[in-house]
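# Coordinate analysis (summary)
What follows is each chain in one-letter form.
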Amino acid sequence: IGDAAYWSLVVELLFYVAIGLFVYLFSWKNIRWFTGLWLLISALAFFFHVDDSFIAKMLLVRHASYFLFGITLMLVVSTDYKTILQKYYDYAFLIGVAVYGACISPYALPPYLTPHPYDTLIVLLLQAVFFISVAALVYLSSSIQSEKVIRRMAILGGLTYPLYLVHQTVGTTIIDYFKDYGTLAMRGGIVIVTMIG
């Protein structure tokens, strides 16, 4: 695939295959075993500095925290808890995964993504904002009752994936095409409007 932005498609496909196989073989009710084991494997890969090995890449150790956060957040929202212990476990795991994801981000990012000394700190802060914001928005979403608001939010959410898929090639083409017109900020604005359109 010619567009470098598509690298995450392989990661996503590996995740969907892995989760599908686990649920098929062990059932969904054992999903917490899957999440706990995956977090342990990811942490051990970084601890022993084998996170760049072929097996570690196939086990998605660099991306595990994001998937684990999403799975656990879904469990928190959708589980009808029978015991307070299970609820506390899920909340503790959610927080633990968020902290873990932020802590390993300087090691998980390829060096070419952090050319400036402050980049690692910026990414770490953005991850903290991301984890907190997503959890808060999911929590607040249950209070939205308006069909119109829900429909608009669904449209906005639906825009994000196609926007991600076309932003690099189309965005670079537009910026290059308008290179003799206006400032970089103006060209960036044109790209944003075009991408959303």
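Conventions adopted
Residues numbered from 1 in each chain as written. Predicted model: local features only at pLDDT ≥ 70, side-chain atom pairs only at ≥ 80, totals over all residues. Heavy atoms only, no water. Helix = DSSP H or I, 4+ residues; strand = E, 2+ residues; numbered from the N terminus. Expected span 1.5 Å × (residues − 1). Buried < 20%, exposed > 50% of the residue type's maximum accessible area, 1.4 Å probe, protein only. Arc of directions from axis to C-beta. Contact = heavy atoms within 4.5 Å. Core = buried A, V, L, I, M, F, W, Y, C linked by side-chain atoms within 4.5 Å.

Take helix 1 (residues 7-26) next. Compared with an ideal rise of 1.5 Å per residue, which puts 20 residues at 28 Å, helix 1 spans 29 Å between its outermost C-alpha atoms and is within 8% of the ideal. Where helix 1 is concerned, the buried positions are Ser8, Val11, Glu12, Phe15, Ile19 and Phe22. Projected onto a plane normal to the axis of helix 1, the buried residues spread over an arc of 100 degrees and lie on a single side. Across helix 1 from its buried face, at more than 90 degrees, point the exposed residues Val10, Leu13, Tyr16, Val17, Tyr24 and Leu25. On the buried face of helix 1, the contacting elements are helix 2 (31-47), helix 4 (64-78) and helix 7 (147-177). Ser27 occupies a position one or two residues after helix 1 and carries a positive phi of about 75 degrees.

Moving on to the nonpolar core. As a rule of thumb, soluble globular proteins bury nonpolar side chains together. Within the largest apolar cluster, 28 residues are counted, with the highest numbers of intra-cluster contacts made by Phe15, Ile31, Phe34, Trp38, Leu68, Phe69 and Ile71. The set of elements that each furnish at least two residues to this core consists of helix 1, helix 2, helix 4 and helix 5 (84-108). Ignoring anything within four residues of it in the chain, the contact list for Phe34 reads Ala18, Ile19, Phe22 and Ile71.

The terminal C-alpha atoms of helix 6 (residues 119-141), which comprises 23 residues, lie 32 Å apart, in line with the 33 Å expected from a rise of 1.5 Å per residue. For helix 6, the full list of buried residues reads Asp119, Gln127 and Phe131. Against helix 4 and helix 5 lie the buried residues of helix 6.

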